[in-house]
Amino acid sequence: MPLALLALAVGAFGIGTTEFVIMGLLPEVAADLGISIPAAGHLVSAYALGVVIGAPLLAAVTARLPRRKVLIGLMVLFVVGNALSALAPDEHWLLAARFLSGLPHGAFFGVGAVVATGLVAPERRARSVSLMFLGLTIANVAGVPAATLVGQHFGWRITFLGVGAIGLAAIASLAFLLPRDHAAAPTAGLRGELGALRSLPVWLALGTTVAGFGALFSAYSYITPMLTESAGYAAGSVTLLLALFGVGATIGNLAGGRLADHSLRGTLFGGLASLVLILALFPVLMSAQWSAALAVLLLGVAAFATGSPLQLMVMEKAAAAPSLASSANQAAFNLANAGGAWTGGLALSAGLGATAPATVGAGLAVVGLAVAAVARTVDTRRAPAHAARSHARVVASHVPGERETARV
């Protein structure tokens, strides 16, 4: 694997750290700015809103620019957003800075995935995407806990300055390691990128992302009450168990990338089916501490095994103009985050029990499987027509030559 993938992973590590670290620092931020913790929670939503808006918008605006310059520019915006977060004098400033920090998130992963697949042989495309996403999963294992610890002991502003320093390291890595010829300006342009979004297979792939990862976040958003109320863990043990989820996500990400290079759809269907099974068993697994820990680990493995296949599938369905579609998949991921948390919360509010969000998640995973099955059916039906059109073009291209020979 080329060393340039390390530069993309460093950027992903910084983005993953800044996205999730705010959740662990809400009490410190609220106390420093003189606001309530629920009000501080709006900082999480501001970042997610920035991702959803920024992913397609920035991908479209930069459609004709060299992808190497785009990635470096996105990391510059990331550094500025985190620096402004560290300097925020009040809640409103910090909300705007968090929104700004979220803008480059989706476009970086979207454009980065396109660049990553161009750096390797076709049979290693999914693996290259998984290695870029490795920075995101490692952020959950090491980056977020370390940054949270720093913020709790030295102040949350120091944490955001540190994350900004990671962004500077990513900029340097991209500048020195990313070859210009593999990240040149795309040929499709804005019109071609927008045209890719008119494809039904692209929307089906995006729908699979929303449903599949909505299943994850329906359960994961309420994993703490499950572990404390159902499994009997002390609140202080939850951080360690969340790191265990990160370990599972890292394993699933790497395994999913390797398996998807052999069978893209097989890996996707296998991951979603595993997610259905694990979430359906959550009420049983959460009845004991050892099985609850296993459930957290397996949840990370199953969910993130589908990450690389879904990203690559969206790119393949928009092969002529993949940047915007790939970035839109990141927006879909964040819609899944918000939608999954909302549906899981409805089950919890209805008094159905601490593990009810996991049962809802199992249902969403079934929906994801159904959408993926529809996508496969559409592809199967379109394949003969596509082959016939290709054959007709080949025949037509040879007819003039045959006629010219006959006249001679």
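Residues numbered from 1 in each chain as written. Predicted model: local features only at pLDDT ≥ 70, side-chain atom pairs only at ≥ 80, totals over all residues. Heavy atoms only, no water.

Peer 1: Hey, could you run me through the confidence of the model for the protein chain in this one?
Peer 2: Close inspection of predicted coordinates is inappropriate for parts of the model with low pLDDT. Across the protein chain, the average pLDDT comes to 84, with 89% of residues at 70 or higher. Here helix α9 (residues 189–196) is the element of the protein chain with the lowest mean pLDDT, 66, and helix α5 (residues 67–86) is the one with the highest, 94. Counted against residues more than four places away or in other chains, residues 386–399, with its pLDDT under 50, gives zero contacts. Across residues 401–408, confidence stays below pLDDT 50; counting only partners more than four residues off in sequence or on other chains, it has zero contacts. (pLDDT = per-residue confidence, 0-100. Helix = DSSP H or I, 4+ residues; strand = E, 2+ residues; numbered from the N terminus. Contact = heavy atoms within 4.5 Å.)

Peer 1: Whenever I open this one, helix α16 (residues 307–317) confuses me. Can you help?
Peer 2: Residues that lie three or four places apart on an α-helix share one face, since the helix turns once every 3.6 residues. Where burial is concerned, most of α16 is hidden: nine out of the eleven residues are buried. All of the buried residues in α16 are Gly307, Ser308, Pro309, Leu310, Gln311, Leu312, Met313, Val314 and Met315. (Buried < 20%, exposed > 50% of the residue type's maximum accessible area, 1.4 Å probe, protein only.)

Peer 1: I keep staring at the packing of aromatic side chains and nothing clicks. Help me out?
Peer 2: Ring pairs (aromatic) are described by centroid distance and by the angle formed between their planes. Counting across every chain of the model gives eight aromatic pairs. Aromatic ring contacts, followed pair by pair, group Phe213, Phe217, Tyr220, Phe245, Phe304 and Phe333 into a single cluster. (Phe/Tyr/Trp six-rings, centres within 6.5 Å; stacked < 30°, edge-to-face > 60°.)

Peer 1: Where do I start with the packing of helix α1 (residues 4–24) against helix α6 (residues 91–118) in this structure?
Peer 2: Two packed helices can be described by the angle between their axes and the distance between those axes. Interhelical geometry of α1 versus α6 gives an angle of 150° and a closest axis separation of 10 Å. Viewed along their axes, α1 and α6 adopt a mutual orientation that is roughly antiparallel. When you trace α1 past α6, the crossing you get is left-handed. Counting all contacts with α1, which are made through Leu5, Leu8, Gly11, Ala12, Ile15, Thr18, Glu19 and Ile22, the residues of α6 involved are Arg98, His105, Phe108, Phe109, Gly112 and Ala116. Partitioned by chemical class, the residues of the contact of α1 with α6 number eight nonpolar, four polar and two charged. (Axes fitted to C-alpha atoms, helices over the stretch in contact; angles between N-to-C directions. Parallel < 35°, antiparallel > 145°, perpendicular 65-115°, else oblique. Left-handed = near helix turned anticlockwise from the far one by under 90°. Nonpolar A, V, L, I, M, F, W, Y, C, P; charged D, E, K, R; others polar.)

Peer 1: Would you mind showing me how to read the side chain of threonine 306 here?
Peer 2: With respect to the helices and strands, threonine 306 occurs in the loop between α15 (289–304) and α16. Take threonine 306: its relative accessible area is 3%, and that puts it in the buried class. Within the structure, the side chain of threonine 306 is placed 2.6 Å from the backbone oxygen of alanine 303, a separation counted as a polar contact. In this view, threonine 306 contacts Phe213, Leu268, Gly271 and Leu272; residues no more than four positions away in its chain are not counted. (Polar contact = N/O pair within 3.5 Å; in protein donor to acceptor, adjacent residues only side chain to side chain.)

Peer 1: Where do I start with the nonpolar core in this structure?
Peer 2: Generally speaking, soluble globular proteins have nonpolar side chains that are buried together. Ranked by internal contacts, the top residues of the largest apolar core, which has 56 residues, are Leu216, Ile223, Leu227, Leu275, Leu279, Phe282 and Met286. For this core, the element with the most residues is helix α10 (residues 200–220), which contributes nine residues. Ignoring sequence-local partners within four residues, the contact set of isoleucine 223 consists of Leu242, Phe282, Met286 and Val296. Ala7, Val51, Ala113 and Ala170 belong to the second largest nonpolar core, which has 40 residues in total. (Core = buried A, V, L, I, M, F, W, Y, C linked by side-chain atoms within 4.5 Å.)

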